[in-house]
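Chain and residue survey
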Amino acid sequence: MSTTPAPPPDRRHDIDALRALAFLLVILYHVAMYYVADWPWHLKSPHAAEWLQWPMRVLNLWRMDLVFLVSGVSLGFLSRSQGTWSLLRSRGVRLMLPLAFGMAVVVPYQAYAQGVASGLVAPGFGAFLLRYLSMGDPWPKAAFDGAEFGITWNHLWYLPYLFSYTALIALTLPLWRSPAGQWMRRRFNGLRGWKLLLLPALPLLVWTMLLARHFPPTHNLVRDFHLHSIYFTVFLYGYWMGVDTGVWRELERLRRVSLALAAAAIATFIVLRLGAKGPPSGVPMDALRMLYLWLAVATILGHGHRHLNRPWPWLRWANESVYPWYVLHQTLIIAGVALLAPLALGPVLEPALLVALTIVGCWLLNDGLIRRFNGLRPLFGLKRRRASAKTAVTLRAEALPPEPGWQSPSPRA
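Attention here is on the structure that accompanies the text. Since the structure is predicted, the reported quantities are computational estimates derived from the model, not experimental observations.

Section: the overall build of the chain
Helix and strand counts for the chain come out as 18 helices and zero strands. Rg of the C-alpha trace for the chain: 22 Å, near the compact-globule value of 22 Å for 413 residues, within the 12% margin. Considered along the principal axes of its C-alpha atoms, the chain spans approximately 75 × 65 × 40 Å. The 413 residues of the chain split such that 55% are buried. Summed over its atoms, the accessible surface of the chain is roughly 18,300 Å², and 68% of this surface lies on carbon and sulfur atoms. When the 40 positive and 19 negative side-chain charges of the chain are each reduced to one mean point, those points stand 8 Å apart.

Put into structure tokens, the structure is as follows:
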């Protein structure tokens with residue numbers, strides 16, 4: 001006996017909530033990057049701690065993959081009502097305009113602070129900015145992340161990656177809407193039980209076995225083949241899952257099983273790494289990493305669908321705030337470091353104040369300036385407010401967050 005599937009919802013509150021919560025995690029993660037020992041970042045604390053490496057690895061194996069999957073889900077909803085050129089036009093404005101503005105206005109202070117700390121850039125932000133924006137005289141190669149290019153996007157690397165994946169889907173929409181494309185979507189969304197918890201990890205394992213050794217993470221758009229293969233695959237999963245109801249119900253049903261399996265996979269991975277003289281490699285370790293990645297994402301999606309799929313009072317504000325916060329947060333972290341480091345407040349009070357200053361700074365700039373002025377809103381990925389207050393209340397923000405530089409500062413394992 002067949003049943004008629006329920007119509008897809010117009011708004012997925014759990015996806016909105018996961019997007020907002022993922023970005024809150026991004027702030028904490030990037031503050032921790034200042035304190036984690038032996039992981040390069042723009043600035044490093046004298047209180048750097050080795051113990052932070054393992055919790056950071058546990059997060060880093062899935063956090064950006066979750067972000068790209070959620071972005072794919074958003075595209076799945078958008079593509080129902082938009083064609084190729086409409087998607088390219090709307091996503092181009094929402095992603096590439098903030099990228100250009102961010103590289104010219106928001107990111108330069110990060111490069112300046114790193115250059116001064118390295119001793120390769122002379123103090124004086126005004127003179128630095130003029131040289132940076134002119135892209136004339138070359139910088140010393142190690143002055144700051146991306147110095148060899150003259151200009152950098154640092155944590156904004158997510159934007160060109162997301163636009164590239166969106167453009168690839170948009171330009172091939174006839175393929176995904178063809179019978180063959182719909183068959184692939186149905187096959188993925190029809191996975192149930194152990195198949196849903198195992199099979200999506202297999203392509204990730206294949207890409208890792210083929211590409212990881214040859215193309216380490218760089219966040220250089222044209223050479224980051226391994227990360228592209230992983231991120232685009234999970235982005236495609238999200239695009240396929242989009243409006244399907246059955247696969248989301250199954251992830252919710254399996255949420256406790258996936259959590260237990262994810263914990264077992266990462267525990268085994270940690271034990272094997274700690275027991276080895278050097279970083280262990282090979283198919284078993286790759287398999288554990290990719291299995292944990294997918295199980296962690298599946299667990300978060302399942303619990304999110306169970307507990308977050310409701311119209312929370314804070315969601316409307318969060319949807320319109322998350323993108324500006326993403327653009328601003330890392331520069332505010334660097335500015336907070338410059339303010340707090342000379343005070344020698346110690347490894348407890350200093351990071352707590354750094355988180356607080358970053359959150360307060362994002363809130364003040366976003367709610368006090370960016371959301372209020374139509375001239376600023378598109379520069380941070382927001383639609384202009386319309387004249388009608390009723391229409392303004394219904395504005396929907398889709399894009400999102402995370403992370404640093406041309407050179408990957410946080411090893412995936």
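What follows continues from the structure just given.
Considering the packing of aromatic side chains
A complete count under the given rule lists 34 aromatic pairs for this structure. Look at Tyr109 and Phe125: their rings are 5.7 Å apart centre to centre, the planes differ by 70 degrees, and that puts the pair in the edge-to-face class. With Tyr109 in helix α5 (residues 108-118) and Phe125 in helix α6 (residues 125-134), this residue pair connects regions lying 16 residues apart in the sequence. Among the residues examined, Tyr109 registers a relative accessible area of 23% and is labelled partly exposed. On the accessibility criterion, Phe125 (30% relative accessible area) is partly exposed. Judged by centre distance (5.9 Å) and plane angle (90 degrees), the rings of Trp317 and Trp325 are edge-to-face. Judged by relative accessible area, which is 33%, Trp317 ranks as partly exposed. Taken together, the ring pairs connect Phe23, Phe68, Trp157, Tyr158, Tyr161, Tyr165, Tyr231, Phe232, Phe235, Tyr323 and Tyr326 into an aromatic cluster. One Lys or Arg, Arg12, reaches over the ring of Trp248 and ends 4.0 Å from the middle of that ring.

Things to note about the nonpolar core
Within the largest apolar cluster, 100 residues are counted, with the highest numbers of intra-cluster contacts made by Phe68, Leu69, Ile169, Tyr231 and Leu301. The contact partners of Phe68, leaving out residues within four places of it in the chain, are Trp157, Tyr158, Tyr161, Leu162, Tyr165, Tyr231, Val234 and Phe235. Counting residues in hydrophobic clusters, the runner-up holds 19 residues, among them Tyr29, Val31, Ala113 and Leu354.

Overview of a nonpolar patch on the surface
Where nonpolar side chains cluster on the molecular surface, the patch consists of Leu21, Leu24, Trp314 and Ile359 and spans about 320 Å² of accessible area. Tracing the backbone shows Leu21 in helix α1 (residues 13-35). Residue class for Leu21 comes out partly exposed when judged on its relative accessible area of 40%.

Here's the deal with helix α16 (residues 315-340)
Over its 26 residues, α16 extends only 32 Å from the first C-alpha to the last, a length that falls short of the 38 Å expected when each residue adds 1.5 Å. Within α16, the axis deviates most sharply at Leu328, by approximately 40 degrees. Burial analysis of α16 places 20 of its 26 residues in the buried class, which makes it a mostly covered element.

Quick notes on the pattern of salt bridges
The tally for this structure, following the rule as stated, stands at 10 salt bridges. Between Arg19 and Asp16 there is a salt bridge, and its shortest N-O distance comes to 3.1 Å. Highlighted residues: Arg19 and Asp16, both in helix α1, separated by three residues, approximately one helical turn. This pair shows no difference in class: Arg19 is buried, exactly as Asp16 is. A salt bridge links Arg213 to Asp286, with the shortest nitrogen-to-oxygen separation between them at 2.7 Å.

Focus: unusual backbone geometry
For Asp38, which is not glycine, the phi dihedral falls at a positive 70 degrees. Even without a glycine there, the phi angle at Asn154 is positive, about 40 degrees. Structurally, Asn154 is set in the loop between α6 and α7 (158-171).

Calculation criteria
Residues numbered from 1 in each chain as written. Predicted model: local features only at pLDDT ≥ 70, side-chain atom pairs only at ≥ 80, totals over all residues. Heavy atoms only, no water. Helix = DSSP H or I, 4+ residues; strand = E, 2+ residues; numbered from the N terminus. Rg over C-alpha atoms; globule rule 2.2 N^0.38 Å. Buried < 20%, exposed > 50% of the residue type's maximum accessible area, 1.4 Å probe, protein only. Areas by Shrake-Rupley, 256 points an atom, 1.4 Å probe, with all protein chains shown as cover. Lys, Arg positive; Asp, Glu negative; His and termini not counted. Charge placed at Lys NZ, Arg CZ, Asp CG, Glu CD. Phe/Tyr/Trp six-rings, centres within 6.5 Å; stacked < 30°, edge-to-face > 60°. Lys NZ or Arg CZ within 6 Å of the ring centre and 35° of its normal. Core = buried A, V, L, I, M, F, W, Y, C linked by side-chain atoms within 4.5 Å. Contact = heavy atoms within 4.5 Å. Patch = residues over 30% accessible without salt bridge, like charges linked within 9 Å, V, L, I, M, F, W, Y side chains within 5 Å. Salt bridge = Lys/Arg side-chain N within 4 Å of Asp/Glu carboxyl O. Expected span 1.5 Å × (residues − 1). Bend = angle between axes of the 7 residues up to and from the residue.

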